[in-house]
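Report on the structure
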Amino acid sequence: MADTIAVADAVRTPRPVPPAPEPGTRELGYAELLLRLRSNPLTIWRRIHFERPIVSGKSLLGHAVVISDPAAIRHVMVENAANYRKDDLQRSVLAPGLGDGLLTAEGDVWKRTRRTVAPLFTPRAVAALARRMEAPAVATAERMARRRAGRVVDVTQDMTRVTYDILAETLFSDTIAGGASAFSKALTAYFETQGRIDPLDVLRAPAFVPRIGRILARPAIDFFEGEVIRIIKARREEIARGDTPDEADLLTALLKASDPETGVGLTEREVGANIVTFIGAGHETTANVLTWSLYLLSQAPDVRAAVEAEADATAGRRVDAALSGDDLAMTRAVVEEAMRLYPPVASLSRAAIEDDAVAGVPIPKGATVVIAPYVLHRHRLLWDDPGRFLPERFLGSAREAVDRFAFLPFGAGPRVCIGAQFAMVEAVLVLSTLVGALRFTYAGDGPPTPVQRITLRPRDGMPMRVAPRG
Ligand code: HEM
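Bear in mind the structure is a predicted one, so any value in this text is a computation, not a measurement.

About the thresholds
Residues numbered from 1 in each chain as written. Predicted model: local features only at pLDDT ≥ 70, side-chain atom pairs only at ≥ 80, totals over all residues. Heavy atoms only, no water. Phe/Tyr/Trp six-rings, centres within 6.5 Å; stacked < 30°, edge-to-face > 60°. Helix = DSSP H or I, 4+ residues; strand = E, 2+ residues; numbered from the N terminus. Buried < 20%, exposed > 50% of the residue type's maximum accessible area, 1.4 Å probe, protein only. Near = heavy atom within 4 Å. Polar contact = N/O pair within 3.5 Å; in protein donor to acceptor, adjacent residues only side chain to side chain. Nonpolar A, V, L, I, M, F, W, Y, C, P; charged D, E, K, R; others polar. Pairing = 2+ DSSP bridges. Axes fitted to C-alpha atoms, helices over the stretch in contact; angles between N-to-C directions. Contact = heavy atoms within 4.5 Å.

1. Brief notes about the packing of aromatic side chains
Two aromatic rings, taken as a pair, are described by how far apart their centres are and by the angle between their planes. All chains considered together, the criterion is met by 9 aromatic pairs. Measuring from centroid to centroid gives 5.3 Å for phenylalanine 121 and phenylalanine 278, while their planes differ by 85°, and the two rings are edge-to-face. Of this pair, phenylalanine 121 sits in the loop between helix H6 (107-117) and helix H7 (123-131) while phenylalanine 278 sits in helix H14 (residues 268-282), placing them 157 residues apart in sequence. Take phenylalanine 121 and phenylalanine 278: they sit in the same class, and that class is buried. Relative to phenylalanine 394, the ring of tryptophan 383 has its centre 6.2 Å away and its plane inclined at 45°; by these criteria the two rings are tilted. Within this pair, whereas tryptophan 383 is found in the loop between helix H19 (373-376) and helix H20 (396-401), its partner phenylalanine 394 is found in the loop between H19 and H20, the two being separated by 11 residues in sequence. Judged by its relative accessible area of 3%, tryptophan 383 falls in the buried class. Residue phenylalanine 394 is classed as buried on the basis of its relative accessible area of 4%. These aromatic residues form a ring-pair network of at least three members: Trp292, Tyr295, Tyr342 and Tyr442.

What follows is the structure in structure tokens.
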């Protein structure tokens with residue numbers, strides 16, 4: 001809580017407490033818990049989860065330990081990470097059609113893939129990719145500026161499109177010939193049908209029992225597989241002909257990458273699984289951060305003015321500013337505060353391989369450990385006035401005082417998000433570009449309702465009026 005004083009000093013205007021489900025006080029029965037897991041897992045958290053460092057007990061998931069104590073989280077995610085594997089629930093919700101990409105792989109396949117893919121996301125590699133992000137960001141601002149004045153639009157759609165365009169550009173140099181919109185439609189269908197927790201997964205039904213969501217998602221997944229494999233084959237041929245430009249996109253980099261320990265590259269199928277993984281992991285997540293950032297700014301005019309001033313001061317050199325961070329400090333702080341209040345990945349879970357204990361609490365073999373950024377980021381013991389939008393928490397010395405294991409939008413330890421830096425640069429660049437050019441006003445009847453599908457997003461979209469700023 002060392003940030004309290006700095007935050008209090010910085011805030012001269014009252015700041016909003018944006019919407020969040022009110023935590024209940026009573027324990028939920030199995031049927032209600034299942035229902036809520038399917039409709040909105042954010043509503044399962046009770047007050048004790050936001051007040052106690054560790055809550056342990058039996059539930060539908062068997063023995064579950066919900067950990068919101070930074071030292072205990074460090075133990076599970078770093079010090080004793082080898083004792084914890086991604087649990088089947090998370091894997092079954094996330095594993096896309098093409099099999100195991102980096103996000104869902106385990107054991108040796110994960111180790112080999114992570115080693116092979118890591119060089120694609122070094123700061124230097126991200127800086128090169130960042131140059132490709134600017135054109136889609138500017139095109140989005142221009143497209144939004146051309147809309148009829150006063151019209152209400154759902155900005156989640158624009159944010160989904162811009163993060164998709166940026167991925168298409170950085171992954172394939174936008175070579176989804178004629179198929180970009182079909183591809184992105186399939187992607188949306190995939191998230192609509194696949195992105196819910198299926199009760200059969202919670203109940204540990206075996207994989208051969210058909211899940212309705214996954215059956216509905218099948219055509220979308222098939223389309224992906226076909227399209228992705230087609231793109232990979234075409235690119236392989238280009239590389240063989242020596243036709244690829246020097247500035248590699250991620251697809252070329254993946255096809256050329258090899259394990260630094262063994263020199264072995266990825267198979268075509270593995271490249272495909274990782275392409276789908278990057279899209280799945282990097283698309284909606286970043287789109288939601290942008291959507292919530294725009295909403296929060298619309299509720300806090302003084303912060304919006306500061307973000308506008310940074311955008312004006314960095315016009316013409318915004319990519320460099322987004323990479324260094326110095327001149328877009330408030331913009332970056334807004335992105336981090338949006339991820340604190342609405343972490344795109346709202347909960348992480350692991351299964352204990354052997355008996356363990358944290359802070360004197362036993363974690364029996366097979367128990368599920370839940371580390372929920374949504375709970376952690378709003379925990380009474382860790383944050384001052386946790387429900388309030390205060391981006392100053394992430395400025396200067398206040399930022400340095402934030403415990404590494406109290407703020408986990410990108411996870412931590414060996415399985416930390418490989419795209420974290422990519423996503424931060426992207427979100428800061430796009431937010432600054434949009435806020436520099438446009439003024440966003442919230443136009444919903446009531447406040448938006450946050451729900452957790454695969455990512456944490458507004459249930460009914462984000463209706464806003466968008467007008468050119470000047
Ligand atoms: C704001 C945007 C993003 C957020 C909040 C986010 C969050 C996360 C989190 C929490 C994890 C860890 C999951 C766990 O421990 O169970 C993760 C893993 C991962 N993310 Fe991200 N992510 C974002 C953007 C991206 C982007 C842009 C990419 C790729 C281009 C990406 C690729 C991955 C991959 C491949 C993993 C798995 C890493 C591994 O297990 O080795 N993410 N992400």
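2. Comments concerning the site of the ligand
In the vicinity of the ligand lie 27 residues, with Trp110, Arg114, Arg350, Arg415 and Cys417 positioned nearest. Side-chain polar atom of lysine 86 to an oxygen atom of the ligand: 3.1 Å apart, as the coordinates give it. At a separation of 2.7 Å, an oxygen atom of the ligand approaches a polar side-chain atom of tryptophan 110. Within the residue set of the shell around the ligand, elements represented by two or more residues are H6, H14, helix H15 (284-298), strand E5 (348-352) and helix H21 (420-437). Here the shell around the ligand is composed, by residue class, of 17 nonpolar, 6 polar and 4 charged.

3. Digging into the sheet that holds strand E4 (residues 152-154)
The strand order E4-E12-E9 describes an open sheet built from 3 strands, whose pairing is antiparallel. Among the strands making up the open sheet, the edge pair consists of E4 and strand E9 (438-442). Taken over all neighbouring pairs, the strand axes of this sheet differ in orientation by 45° on average, direction set aside. Strands in contact with helix H9 (residues 155-172) are E4, E9 and strand E12 (463-468); relative to E4, the strand with the most contacts, it is inclined by about 45°. Sheet contacts for H15: E9 and E12; angle to E9, the most-contacted strand, approximately 80°.

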